[in-house]
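Fold and geometry: a report
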Amino acid sequence: MLLAKDISRGGVSGGASVNGSELESPATRISSDSIPVHPMGVKPLGNRYLASGPTARQCLGSLGHLPDEMILQILESLDMWSLKDLGFTCRFLYAFCYLDELWKALFLETNSQPGTWKGSWRNTLLKAPANWRPRIDCSNVFSDVMHRPFACTYIALGKYSSSIPEANQISRLERLSYDDFAQNWSSKPFILTDCIQRWPVYSSWSIQQLNTRYSTVSFRAEAVDWPFSIYHEYMSNSEDESPLYLFDKGFAEKMNIRIGHETDAVYWPPECFGKDLFELLGEERPAHRWLIVGPKRSGSTFHKDPNGTSAWNAVLEGSKYWIMFPPTAQVPGVYVSEDSSEVTSPLSIAEWLLEFHAEARALPGCVEGVCKAGEILHVPSGWWHLVVNLEAGIALTQNFVPESHLAAVLSFLKDKPDQVTGFKKDINDPYELFVERLGVAYPELLRNAVDELEEKTRAKKRKWEEAVGNKNDTGDSGGGGFSFGFGDEDEEIP
């Protein structure tokens, strides 16, 4: 529950004035230790105990018996016109029916493309005047469900990305050779500071330049495909707690650009990572490179990269805060199913930072860092990572399979076929396809990877046997009692 001390003191700030039933939109000035007053005057639930006079909730009638969370669930089932009309029944519902996450869900259901972005999902869907704001005073509405998303929009990201403990800091290297990477760094996160400055895109791409050159080109931003001009409007004028993140895998074809070491290429994978073994799959390789564009606060919640691959992420504009954990870590606030097929993080990036960042930073294995424009970050195979834009920016990322992690990728493709992603639908067995190509091009690498997997299997079996013991450990010479045995000697222990 948020309390009064969590919001800026002194009432409505920024020159707002309350006149009768109207609340003028405040000019939101944000400091590092406070958040602005909610544009409708809504306050955290804890402030109810400091308030005098009736609250808006008292006018809800029978709905007043329901918690705010359940009222929100009811509103989620309404269509746009019902949601709009219900908001005029009382101040409490007026505030709730303006919650923009409700209108975002309704907009995405329409699968439509806006002619222009109007500052909010509600305004865009209803084709209201740009930046139109509600003017009903809802200062007697006390609700964390309403106020918390607004507060999360204005948290000071610098508070979390600064003062990183020395033991947690991601290593920063100027340059790196392939031999050094293969021998010492392939399983560690690091940032290279002198690597991408020679890419043509580094000096020629900016958000403004992309908007000028590719304004009519549609890019994928999570659940929508918008022309860049509309996404640019959204980036520049949105108060979403979790802004849409442009993450497009088909950008090279859409922008008609060349990638790699061919003539006129606009960028190429850094040589220090060596050959990417998934290149053997040619046109059949899974999605592996993306253009990333996003405003401040956009990013990705905790996840591992697909198919056991490693990745690099190069920042062309802006800066990103990363917090990462080794593959076997139990990340606070992240819940993984028993077979690792489902990862649940029921929190936005901002909420995770508020609730779990301090706990996570103190855990063994946690590493953090800020990757700035002109720098590139390495994500080792299997590592958990959360990333958030500290400012609007552009990045390029690519997943790859280095020699040192070939065994991990083969294991993933073979043992977790239901979790393999990115392949075209007509690829029935990615594992067999990859093994076939490896056998032709790099038979020795394939043999070494298979040997590595077999050794890991034997090690797991030994650990299991040591854990459960056997009948000889207890001096039992047979008969009666419980026994635990394995099938085939080479069978892998799950």
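The rules behind these values
- Residues numbered from 1 in each chain as written.
- Predicted model: local features only at pLDDT ≥ 70, side-chain atom pairs only at ≥ 80, totals over all residues.
- Heavy atoms only, no water.
- Helix = DSSP H or I, 4+ residues; strand = E, 2+ residues; numbered from the N terminus.
- Buried < 20%, exposed > 50% of the residue type's maximum accessible area, 1.4 Å probe, protein only.
- Areas by Shrake-Rupley, 256 points an atom, 1.4 Å probe, with all protein chains shown as cover.
- Pairing = 2+ DSSP bridges.
- Phe/Tyr/Trp six-rings, centres within 6.5 Å; stacked < 30°, edge-to-face > 60°.
- Lys NZ or Arg CZ within 6 Å of the ring centre and 35° of its normal.
- Core = buried A, V, L, I, M, F, W, Y, C linked by side-chain atoms within 4.5 Å.
- Contact = heavy atoms within 4.5 Å.
- Axes fitted to C-alpha atoms, helices over the stretch in contact; angles between N-to-C directions.
- Salt bridge = Lys/Arg side-chain N within 4 Å of Asp/Glu carboxyl O.
- Left-handed = near helix turned anticlockwise from the far one by under 90°.
- Nonpolar A, V, L, I, M, F, W, Y, C, P; charged D, E, K, R; others polar.
- pLDDT = per-residue confidence, 0-100.
- Disulfide = S-S within 2.5 Å.
- Patch = residues over 30% accessible without salt bridge, like charges linked within 9 Å, V, L, I, M, F, W, Y side chains within 5 Å.
- Lys, Arg positive; Asp, Glu negative; His and termini not counted.
- Charge placed at Lys NZ, Arg CZ, Asp CG, Glu CD.
- Arc of directions from axis to C-beta.

1. So, the overall build of the protein chain
Regarding its fold elements, the protein chain presents 16 helices and 19 strands. Expressed as a percentage of its 494 residues, the buried residues of the protein chain come to 48%. For the protein chain, the accessible surface area stands at approximately 25,000 Å², while carbon and sulfur atoms represent 49% of it.

2. So, the pairing of strand S16 (residues 367-372)
With respect to burial, S16 is a largely interior element, five of its six residues being buried. Sheet topology places strand S13 (residues 319-325) next to S16; six bridges connect them, and they run antiparallel. From the neighbouring strand, Tyr321 faces S16, where its bridge partner is Val370.

3. Thoughts on the packing of aromatic side chains
Counted according to the given criterion, the structure contains 30 aromatic pairs. Between the aromatic rings of Tyr267 and Trp312, the centroid separation amounts to 6.4 Å while the plane-to-plane angle is 85°, which identifies the pairing as edge-to-face. Residue Tyr267 is found in strand S9 (residues 265-267), and its partner Trp312 is found in strand S12 (residues 310-317); the two are separated by 45 residues along the sequence. With a relative accessible area of 0%, Tyr267 lands in the buried category. In this structure an aromatic cluster arises from ring pairing among Phe107, Trp117, Trp121, Phe219, Trp226, Phe228, Tyr231 and Tyr234. Sitting above the plane of the Trp185 ring, Lys188 keeps its charged end 5.2 Å from the centroid.

4. Some thoughts on the nonpolar core
With 74 residues, the main nonpolar core has Trp205, Trp226, Phe251, Leu291 and Val293 as its most contacted residues. In this structure, Phe251 is in contact with Phe219, Ile257, Ile259, Tyr267, Arg289, Trp290, Leu291 and Leu396, ignoring residues within four places of it in sequence. In terms of nonpolar packing, the next biggest core, distinct from the first, is built from 24 residues, Leu157, Val334, Val388 and Leu390 among them.

5. So, the sheet that holds S16
What the four strands build is an open sheet, ordered S11-S18-S13-S16; its pairing is antiparallel. Strand pairing shows two members of the sheet lacking a second neighbour, strand S11 (299-303) and S16, which therefore form its edges. Between one strand axis and the next, the sheet turns by 15° as a mean value, whatever way the strands run. Examined bridge by bridge, S11 and strand S18 (residues 384-389) share three bridges and lie antiparallel to one another. Across the sheet, His303 pairs through a bridge with His385, a residue of S18. Each of S11, S13, S16 and S18 touches helix H13 (residues 349-361); the most contacted strand, S13, lies at about 50° to it.

6. Some words on the pattern of salt bridges
Applying the stated criterion across every chain yields a total of 17 salt bridges. Between Asp248 and Lys254 there is a salt bridge; the shortest N-O distance is 2.6 Å. Sharing partners across several salt bridges, the network here consists of Glu174, Arg175, Asp194 and Arg198.

7. Thoughts on the environment of Gly260
Looking at the element boundaries, Gly260 is found in the loop between strand S8 (258-259) and S9. Along the backbone, Gly260 and Pro270 are ten residues apart, and their C-alpha atoms lie at a distance of 9.7 Å. Residue contacts for Gly260: discarding those within four places in its chain leaves Ala265, Tyr267, Trp268 and Pro269.

8. Overview of the packing of helix H14 (residues 406-415) against helix H15 (residues 430-441)
When two helices pack together, their arrangement is given by the angle between the helix axes and by the axis-to-axis distance. At their nearest, the axes of H14 and H15 sit 8 Å apart, and the two run at 145° to each other. In the crossing of H14 with H15, the sense of the turn from one axis to the other is left-handed. Of H15, the residues touching H14 (which contributes Leu406, Val409, Leu410, Leu413 and Lys414) are Pro430, Tyr431, Phe434, Val435 and Leu438. Of the residues assigned to the contact of H14 with H15, the class counts are nine nonpolar, no polar and one charged.

9. Some words on unusual backbone geometry
The backbone of Asp264 sits at a positive phi, close to 70°, despite the residue not being glycine. The residue Asp264 is located in the loop between S8 and S9 in this model. Overall, Asp264 belongs to the exposed group, its relative accessible area being 62%.

10. Focus on the confidence of the model for the protein chain
In low-pLDDT segments, the atomic positions of the prediction should not be examined closely. Confidence along the protein chain averages 87 in pLDDT terms, with 88% of residues attaining 70 or more. Overall, residues 1-32 carries pLDDT values under 50, and its contacts beyond four positions in sequence, including any with other chains, amount to 66 contacts. Contacts from residues 475-494, a stretch scored under 50 in pLDDT, to residues over four places away or in other chains number 17 contacts.

11. Some words on the state of the cysteines
On inspection of all chains with the given rule, the structure shows zero disulfides. Between Cys195, a cysteine without a disulfide, and Cys272, which holds the nearest cysteine sulfur, the sulfur-to-sulfur distance is 5.3 Å. On the basis of relative accessible area, Cys195 is assigned to the buried category, the value being 16%.

12. Details of a negative patch on the surface
Negative charge collects at one region of the surface, where Glu338, Asp339, Glu342 and Asp418 lie side by side. Mapping Glu342 onto the fold places it in the loop between strand S14 (335-336) and strand S15 (343-344). For Glu342, a relative accessible area of 53% translates into the label exposed.

13. Overview of helix H1 (residues 68-75)
Regarding H1, the residues found buried are Asp68, Ile71, Leu72 and Leu75. Axial view of H1: buried residues confined to an arc of 100°, hence all on one face. On the buried face of H1, the contacting elements are helix H2 (80-86), helix H3 (91-96), helix H4 (100-110) and helix H6 (144-153).

14. So, the pairing of strand S5 (residues 218-221)
Residues Phe219 and Ala221 line the buried face of S5, whereas the alternating positions Ser218 and Arg220 sit on a face that is not buried. Relative to strand S6 (residues 224-227), S5 runs antiparallel, the two being bridged by four bridges. Each bridged residue has a counterpart across the sheet, and for Ser218 the counterpart in S6 is Pro227. Hairpin connection between S5 and S6: a loop of two residues separates the two successive antiparallel strands, and Glu222 in this loop has a positive phi of roughly 55°.

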